[in-house]
Structures are given as C-alpha cells and as structure tokens.
Amino acid sequence: MNVPLTSQTIEKIIRIMGGGDRVLTRKTDLLSYAYDASFGLFVPDVVCQVKSVEEVSEIVKLANEEKIPVTPRGHASGLSGGALPVEGGIVIDVSLWNDVLEIDKDDMIAIVSPGVITADIDRAAKKVGLMYPPDPSSSNVSTIAGNLAENSGGPRCLKYGVTKDYVLGLQVVTPEGHIIRTGGRTVKNVTGYDLTKLIVGSEGTLGVITEATLRLIPRPPATLSLMAAFGDIVQAGYAITDVLTSGILPAKIEFMDQSSIRAVENYHPMGLPLDAEAVLFIELDGHPLAIRDEAACVYQLLENAGALRVQKAETSEEEEEMWKARKLVSPAIAKHKPTKISEDATVPRSQIPAFLKRLRDIKHQFGIDLVVFGHAGDGNLHPNILCDQRDREEMEKVEQAVAAIFEAAISLGGTLSGEHGIGIMKKAFMPMEFDHFSLEMMKRIKEAWDPNGIMNPGKIFPKPGDRLVLRS
Ligand SMILES: Cc1cc2nc3c(=O)[nH]c(=O)nc-3n(C[C@H](O)[C@H](O)[C@H](O)COP(=O)(O)OP(=O)(O)OC[C@H]3O[C@@H](n4cnc5c(N)ncnc54)[C@H](O)[C@@H]3O)c2cc1C
C-alpha cells in the first residue's frame with residue numbers, strides 16, 4: 001500500500017462527508033495526526049472527522065473497494081502505536097463524535113458514541129448512584145472507543161475487572177463497510193459467537209466501533225485510602241501478596257518506586273516519603289462500617305509486612321491528594337528526559353516480588369534510568385525507561401533492556417501487555433508469548449474479517465525482521 005490517494009478519491013470522500021469541513025488534507029493538519037503517545041511519525045493521506053455511522057460505513061466501503069488503509073483513531077493517547085497510520089491512507093477520527101451519553105438507570109447501562117471521554121461516563125453514572133468502573137489513568141483524555149479497542153484497565157480494575165467486563169453490546173462497521181450489532185443490552189447473552197469480546201481488544205484491526213452499550217454497577221457508598229512506605233522494594237511486593245491473600249479485596253493497590261516518588265516531589269511537592277524505596281496506595285470501598293474494619297486489618301498487615309509508616313487519609317481532601325500523587329507520576333517523570341518508554345508487562349500476582357527483583361537487576365545490568373510504578377494489585381506494573389531517542393548508543397541499551405523486561409515477565413508466567421496493547425511497539429515480541437499455531441489462528445480471524453487487509457494494517461502481527469520500534 002502507501003500509494004498516495006488520487007484527487008478523484010479525495011473528491012469521493014468529501015462527497016460522502018457532505019463537504020470538506022471535516023476532511024483534512026493540508027500537510028500541517030495531517031502532521032498533527034502523524035503521532036500518538038508512543039513512537040514514530042506516520043503521516044496519513046487524509047483524515048475524516050466522522051460523526052455518523054453512515055459516514056463511517058461509506059468511507060470504509062470506498063477504502064475497501066480501492067484497497068486504501070484505514071486507521072481508526074480516538075484521542076491518540078495510546079502507548080503502543082495503535083492509532084498510527086503506518087501505511088498512510090485514511091485516518092477515521094472519532095474524537096468529535098461525542099454527542100451520545102445516555103444513562104438508563106433501570107437497566108443500569110450507558111449508551112455512548114465512540115468519541116465520549118471515558119471519565120465523563122463515570123461522572124454521568126455517579127449522578128444516579130451508579131459507577132462505570134474502568135478508570136485508566138488517562139480517563140480524562142481517552143475516548144471510550146480507544147478504551148474498547150485496547151481493552152483498557154486502570155487502578156480500579158483490581159476489584160472490578162477491565163473494559164471488556166463492562167461491554168454488553170457494540171455497533172461496528174466491518175472492514176467491508178457493513179454496519180453490524182453485537183451483543184445487546186441484557187446482562188446475560190450467550191447467543192452465538194461472542195463477537196463483542198472479539199472486537200474489544202482487537203486494536204482497531206477488525207472494524208470501526210461506532211456505538212457501545214456499557215454495563216454500570218451500583219456505586220459503593222464510601223471509600224477509604226491508605227498509604228504505606230517501605231524501605232525495600234521487594235518487601236512492598238510481598239506486602240501486596242499479604243493483602244490480596246487476606247480475604248480483603250481492595251478496589252485499588254497502586255505502587256510507586258523511589259524514582260517515581262522523587263520525580264513527583266520535584267515536579268509538585270506532595271509530602272511523599274523521600275526516604276522510602278517504595279510506596280503503596282490502597283483504596284478500600286464499600287459500606288463505611290465494613291471498610292473501617294477492613295482498613296484496620298490492612299493497616300496491621302502492612303505493618304507486619306515491614307512498612308516504615310502507614311498513613312490513613314482522614315478527610316476526602318486528603319484522600320484526593322493521595323491519589324493525585326499517584327496520577328502525577330507520568331507527567332513528573334516525562335520532565336526528566338526527552339524520551340519515555342512506557343511498558344506494561346504483567347505477571348501473575350504471586351510473582352510480583354520476583355518481577356520487582358528482576359526489574360531491579362535489569363536496571364543495574366543495562367545501566368538504564370528505569371522508573372517503576374503501576375497497578376501492582378493485578379500484577380500490571382509500568383516499568384518506564386527514561387532516555388534520549390537521539391542517542392543511538394543509549395537506545396541500543398534501552399532496546400536490550402525492553403527485551404529483557406518482556407523475557408522476565410513471560411518467564412514468570414506473565415504477558416507482554418496488561419492494558420496498552422501490542423500495536424507496533426510490541427509485535428516483534430509476539431512469538432515470545434504465542435506458539436506458531438496460536439498466532440496463525442489469530443491471523444485467520446483477521447483475514448476472514450478483513451479480506452483486503454485494509455483495517456489498521458501493520459499492527460499486532462509480526463513480520464520477518466520486525467524489531468522494537470523506538471525510532472521511525
Ligand atoms: C499518561 C497516560 C496514562 C495512561 N494510563 C493508562 C491506564 O491506566 N490504563 C490503560 O489501559 N491505558 C492507559 N493509557 C493508554 C491509553 O490512554 C489507552 O490505551 C486509551 O484507551 C487510548 O484511548 P484513545 O482515545 O487515546 O485511543 P487512540 O490512542 O486514539 O487509539 C487506540 C487504539 O484504538 C483504536 N481505535 C480508536 N478508535 C476506534 C474505533 N472507533 N473503532 C475501532 N478502533 C478504534 C486505534 O486504532 C488504536 O489501535 C495511558 C496513556 C497515557 C498517555
């Protein structure tokens with residue numbers, strides 16, 4: 001592919017879109033669609049800022065006939081390069097299509113258009129005593145379509161599960177331009193193959209999501225948060241296991257290592273313990289009396305596990321500040337060096353201490369600036385490497401370190417990605433996790449859905465010679 005679109009094709013696109021207002025072809029506009037929150041610069045030929053399923057269907061039909069690559073895109077906060085138009089062609093931008101956000105209190109569902117911001121769904125649910133649990137740290141900027149395509153997680157997913165656990169039904173435009181519906185609005189549904197679950201997490205390679213029906217749950221009446229400081233990073237890992245095996249399931253257990261603590265304190269002083277090698281943030285939710293008792297137990301468990309200090313948030317303001325500290329890690333560490341490589345290799349919960357040990361060894365072995373934080377309660381840590389993309393020698397070390405992180409996670413029974421997806425960033429490593437036939441079965445699904453291979457090409461599946469993409 002990568003053949004520039006003809007002026008006739010552009011004219012057909014403009015006709016479908018009812019004029020040129022939401023069709024971008026100027027070089028400067030196209031450049032702003034050439035990147036996301038990962039790496040690489042891939043310029044599309046045209047961007048369609050779609051606002052209806054009919055527009056998407058007609059554009060995709062045209063693309064399929066003329067074999068033009070199509071890349072769906074939300075707000076481009078993806079960390080694995082999923083929204084990058086690596087083979088050029090058409091970018092379908094759904095971010096302006098945010099007009100539908102209906103909450104049905106009786107059915108406990110939300111119906112949303114693809115460009116709705118994730119946090120807005122939970123805010124709307126809160127007004128009627130309900131909750132939309134998936135809460136990626138990017139929830140104030142990411143779109144629901146991006147979350148669905150990546151099957152996003154977040155801190156609350158420890159207790160409540162990830163995006164796929166809250167999707168009842170979808171409207172999707174297939175790679176041949178057909179409009180289909182999967183699932184519905186019932187909580188139970190075992191009719192036919194579960195196409196909803198197939199689409200969720202398929203990273204925009206099987207179609208364009210144009211509407212979603214999401215499950216909501218009753219909002220817990222209260223929350224209570226604790227912060228524990230540890231003098232040893234691996235001890236913090238054991239403390240997580242102790243809490244999770246105690247019979248209490250917190251809503252969130254988040255982890256920050258010493259480099260993250262220092263980065264946040266330099267960026268926006270919050271009074272985090274600078275003497276600690278690691279801190280854990282724990283949120284309990286439920287009935288106020290129940291969580292008071294649970295907090296006392298967790299407090300004791302953390303002390304027994306060797307915490308230097310355990311602090312309870314006494315007011316909702318203190319609780320907010322605690323969680324703000326965790327949210328500030330990404331922007332704080334981004335200040336350190338020009339390049340931030342954000343990984344999300346994930347291990348079984350019992351292997352968290354072993355994974356933390358391996359990460360500490362990798363940091364020393366390769367002499368890299370490695371910062372570790374993340375959703376530790378579900379084994380989903382975020383080892384972030386801070387470096388300078390322009391420094392070839394440093395990047396070689398970084399590439400080796402990233403491969404070592406993946407090897408460590410897989411050898412501990414884990415996976416390449418807990419929530420960021422494969423995109424272009426990790427496809428070279430897919431054979432590390434899957435045998436030939438497992439990958440082959442995935443490819444056959446892709447070929448059956450998308451016979452012309454137009455939908456988000458160049459993602460997920462490795463090609464011979466593929467390597468880690470840290471430069472375009
Ligand atoms: C600071 C920061 C923190 C983050 N924290 C988290 C976190 O806690 N948990 C987490 O899971 N992720 C996290 N992310 C990653 C990212 O925010 C998520 O992957 C998010 O779901 C991407 O949404 P988006 O709207 O930006 O999608 P984009 O980046 O635009 O696209 C992501 C993927 O979705 C596909 N896509 C977009 N729209 C559609 C559509 N309509 N139909 C089909 N496919 C579509 C794209 O092709 C692409 O493959 C974080 C990112 C940043 C920068």
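Rules and cut-offs
- Residues numbered from 1 in each chain as written.
- Predicted model: local features only at pLDDT ≥ 70, side-chain atom pairs only at ≥ 80, totals over all residues.
- Heavy atoms only, no water.
- Helix = DSSP H or I, 4+ residues; strand = E, 2+ residues; numbered from the N terminus.
- Polar contact = N/O pair within 3.5 Å; in protein donor to acceptor, adjacent residues only side chain to side chain.
- Contact = heavy atoms within 4.5 Å.
- Near = heavy atom within 4 Å.
- Areas by Shrake-Rupley, 256 points an atom, 1.4 Å probe, with all protein chains shown as cover.
- Nonpolar A, V, L, I, M, F, W, Y, C, P; charged D, E, K, R; others polar.
- Domains from an automatic or database assignment.
- Pairing = 2+ DSSP bridges.
- Axes fitted to C-alpha atoms, helices over the stretch in contact; angles between N-to-C directions.

Draft legend 1. Here's a closer look at the side chain of Arg 22. With respect to the element layout, Arg 22 can be found in the loop between α1 (7–16) and β1 (23–24). Among the polar contacts made by the side chain of Arg 22, one reaches the side chain of Glu 55 at a distance of 2.8 Å. Not counting residues up to four positions away in its chain, the partners in contact with Arg 22 are Met 17, Val 47, Cys 48, Gln 49, Val 50, Lys 51 and Glu 55.

Draft legend 2. Layout of the site of the ligand. Inspection of the region around the ligand gives 33 residues, with Pro 72, Gly 74, Ser 77, Ser 138 and Thr 143 positioned closest. Here an oxygen atom of the ligand sits 2.8 Å away from a polar atom, N or O, in the main chain of Gly 78. For the ligand, whose accessible area on its own is 980 Å², the fraction buried by protein is 92%. Those elements that provide at least two residues to the shell around the ligand are β3 (70–73), α5 (144–150) and β10 (208–215). The biggest single contributor to the shell around the ligand is α5, with five residues. Its residues assigned to classes, the shell around the ligand shows 10 nonpolar, 19 polar and four charged. Both of domain 1 (101–218) and domain 3 (337–420) provide at least three residues apiece to the shell around the ligand.

Draft legend 3. Looking closely at the sheet that holds strand β8 (residues 167–173). The strand order β5-β6-β10-β8-β9 describes an open sheet built from five strands, whose pairing is antiparallel. At either end of the open sheet lies a strand with only one pairing partner, and these are β5 (101–104) and β9 (179–183). Strand after strand, the sheet turns through a mean of 15 degrees between neighbouring axes, direction not considered. In terms of strand pairing, strand β6 (residues 109–112) meets β10 through four bridges, oriented antiparallel. When the sheet's bridge partners are listed, Val 112 is paired in β10 with Ala 212.

By themselves, these figures tell us nothing about what the structure is for.
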